[in-house]
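# Descriptive structure summary
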Amino acid sequence: MNRKFKEIDETVRGLNQSTDAHFKWLVKLLRFIDSGDVDIPEICSDDAHLHCEFGHWLNTRLLEEREDTNFLLDINKKHICVHQTCRSLIIAIEHRRQKSEDFDLFEQSLLAFTDALTTYKVHLLQLRTSYDALTGLPLRRILDESFCSMNKELGAEGLYLLLLDIDHFKKVNDNYGHLNGDIVLRSLAMNISNNIRRSESMYRYGGEEFIVVLHATNDREAVTIAERLRRDIARLETFAGEHIIRITFTGGLTRIHQEETLREVLERADIALYTGKKSGRNCTHLINRELQTQKYCD
Ligand SMILES: Nc1nc2c(ncn2[C@@H]2O[C@H](COP(=O)(O)OP(=O)(O)OP(=O)(O)O)[C@@H](O)[C@H]2O)c(=O)[nH]1
């Protein structure tokens with residue numbers, strides 16, 4: 001299972017366990033009301049939310065630098081509210097001056113809390129379906145969502161999109177079987193993602209097609225990077241069962257211009273890729289805005 005899936009699953013597990021802990025907490029609350037003299041920090045103290053099991057889990061998460069901090073902050077707010085309304089209620093009960101509104105507020109805070117948890121879980125579920133289960137790469141949906149901001153933040157260093165497609169991949173499946181074909185796809189994904197910079201990204205576009213978004217100041221630099229990736233893959237030996245499988249790919253490379261849509265860029269890269277396939281495969285075709293292509297290969 002890939003790292004991103006593991007992270008998401010761990011978070012969901014943590015959320016569920018911590019929610020379970022609140023059921024236990026509710027039982028403790030009943031015990032507390034029954035006996036009255038038990039000192040339970042997660043119920044009685046001013047900062048009860050920090051003492052409960054969920055509070056511990058949440059605080060550890062909030063200390064980490066995460067993309068989903070907004071969800072966690074919302075949950076934190078609602079969680080604090082649960083403990084505060086609970087405390088107000090038990091103080092009122094202790095002094096025998098509890099009102100119906102105290103119960104209502106506690107109930108509302110519990111519902112708001114579970115609602116925030118559900119919102120976060122839905123987000124995590126959506127995130128999980130945005131990654132490819134086979135290669136662990138983000139799917140095109142993530143590129144669709146991030147492309148606009150990526151393009152706006154474009155600095156002096158330009159962005160290039162490389163659309164690559166494995167050559168004669170059908171033959172790989174036919175000769176070695178679909179499962180070994182899967183191993184080849186994983187191996188290519190791992191090789192390329194390990195050979196690009198942290199600021200660059202690779203996506204599974206579909207089937208045996210992938211997208212790499214590269215940073216380069218000019219065409220020559222972008223071609224050098226794309227060609228290095230292509231040569232690395234042509235040299236790569238994938239061990240699949242008793243087979244050693246070698247593949248090549250053809251790439252369509254184009255610069256991403258400011259204010260361009262992903263669709264425009266992809267259409268251009270696709271023309272370059274198609275030209276590359278027609279011209280014999282295992283090469284990179286660079287295409288400009290006037291749709292002129294230039295072939296690169298050893
Ligand atoms: N093993 C495996 N094969 C896949 C996967 N997705 C797509 N494919 C296969 O990729 C192959 C693509 O075949 P084609 O579109 O004919 O292209 P090609 O054989 O690579 O030939 P060219 O692109 O023209 O070089 C098909 O056999 C698909 O079944 C996958 O997830 N796993």
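As shown above, the structure is provided for reference.
My aim in this report is to walk through the structure given alongside it, one point at a time.

About the thresholds
Residues numbered from 1 in each chain as written. Predicted model: local features only at pLDDT ≥ 70, side-chain atom pairs only at ≥ 80, totals over all residues. Heavy atoms only, no water. Pairing = 2+ DSSP bridges. Helix = DSSP H or I, 4+ residues; strand = E, 2+ residues; numbered from the N terminus. Near = heavy atom within 4 Å. Polar contact = N/O pair within 3.5 Å; in protein donor to acceptor, adjacent residues only side chain to side chain. Areas by Shrake-Rupley, 256 points an atom, 1.4 Å probe, with all protein chains shown as cover. Nonpolar A, V, L, I, M, F, W, Y, C, P; charged D, E, K, R; others polar. Disulfide = S-S within 2.5 Å. Phe/Tyr/Trp six-rings, centres within 6.5 Å; stacked < 30°, edge-to-face > 60°. Buried < 20%, exposed > 50% of the residue type's maximum accessible area, 1.4 Å probe, protein only. Lys NZ or Arg CZ within 6 Å of the ring centre and 35° of its normal. Salt bridge = Lys/Arg side-chain N within 4 Å of Asp/Glu carboxyl O. Expected span 1.5 Å × (residues − 1). Axes fitted to C-alpha atoms, helices over the stretch in contact; angles between N-to-C directions. Contact = heavy atoms within 4.5 Å.

So, about the pairing of strand β2 (residues 201–206). Pairing analysis gives five bridges linking β2 to strand β3 (residues 209–216), with the strands arranged antiparallel. Residue pairing for β3: Arg 204 is matched across the bridge by Phe 210.

Our focus in this paragraph is the site of the ligand. Every one of the 16 residues lining the ligand counts as a neighbour, but His 168, Phe 169, Asp 182, Arg 204 and Arg 281 are closest to it. Within the backbone of Phe 169, one N or O atom sits 2.7 Å away from an oxygen atom of the ligand. The separation between a nitrogen atom of the ligand and a polar side-chain atom of Asp 182 is 2.6 Å. With the chains in place, 68% of the 670 Å² that the ligand exposes on its own is no longer accessible. Listed by contribution, the elements that provide at least two residues to the shell around the ligand are β1 (158–166), α8 (169–176) and α9 (178–194). It is α9 that provides the largest number of residues to the shell around the ligand, a total of four residues. For the shell around the ligand, the residue count by class is three nonpolar, five polar and eight charged.

With that settled, consider the state of the cysteines. Taken as a whole, this structure holds zero disulfides when the rule is applied. For Cys 52, which is in no disulfide, the shortest distance to another cysteine sulfur is to Cys 86 and amounts to 11 Å. Cysteine Cys 297 remains unbridged, with the sulfur of Cys 283 as its closest cysteine sulfur at 5.6 Å.

The next point concerns the packing of aromatic side chains. Considering all chains together, one arrives at four aromatic pairs under this definition. Consider the rings of Phe 54 and Phe 113, whose centres lie 5.2 Å apart with planes at 80°: the pair is edge-to-face. Separated by 59 residues along the polypeptide, Phe 54 in helix α4 (residues 53–63) and Phe 113 in helix α6 (residues 100–128) bring together distant segments of the chain. This pair shows no difference in class: Phe 54 is buried, exactly as Phe 113 is. Over the face of the ring belonging to Phe 5 we find Arg 128, whose NZ or CZ atom lies 4.4 Å from the ring centre.

Looking now at the pattern of salt bridges. Tallied over the entire structure, the rule returns 16 salt bridges. Between Arg 197 and Glu 200 there is a salt bridge, and its shortest N-O distance comes to 3.2 Å. Judged by its relative accessible area of 6%, Glu 200 falls in the buried class. For Asp 232, the salt bridge goes to Arg 235, with nearest N and O atoms at 3.1 Å. Taken together, the residues span about one helical turn, with Asp 232 and Arg 235 both in helix α10 (residues 219–235) at a distance of three residues. It is possible to trace a salt-bridge network through shared partners that takes in Asp 165, Asp 167 and Lys 277.

Structurally, the position occupied by Asp 132 is in the loop between α6 and α7 (140–152). Asp 132 gets classed as buried once you look at its relative accessible area, which sits at 10%. Looking at Asp 132, its side chain comes within polar contact range of the side chain of Thr 135, at 2.5 Å.

Here we come to helix α1 (residues 3–35). Taking 1.5 Å per residue as the helical rise, α1 with its 33 residues ought to reach 48 Å, and the 47 Å between its terminal C-alpha atoms agrees with that figure. Gly 36 sits one or two positions beyond α1 and adopts a positive phi of about 75°.

So, about the sheet that holds β3. Strand-to-strand pairing in sheets goes through backbone hydrogen bonds, with the strands running parallel or antiparallel. The six strands lie next to each other as β2-β3-β1-β6-β7-β8, forming an open sheet whose pairing is mixed. Of all the strands in the sheet, the pair left with one neighbour each is β2 and β8 (293–296). Direction aside, the axes of adjacent strands within the sheet are offset by 25° on average. The sheet contacts of α10 involve β1, β3, β6 (249–256), β7 (284–287) and β8, and relative to β3 the element is tilted by about 140°.

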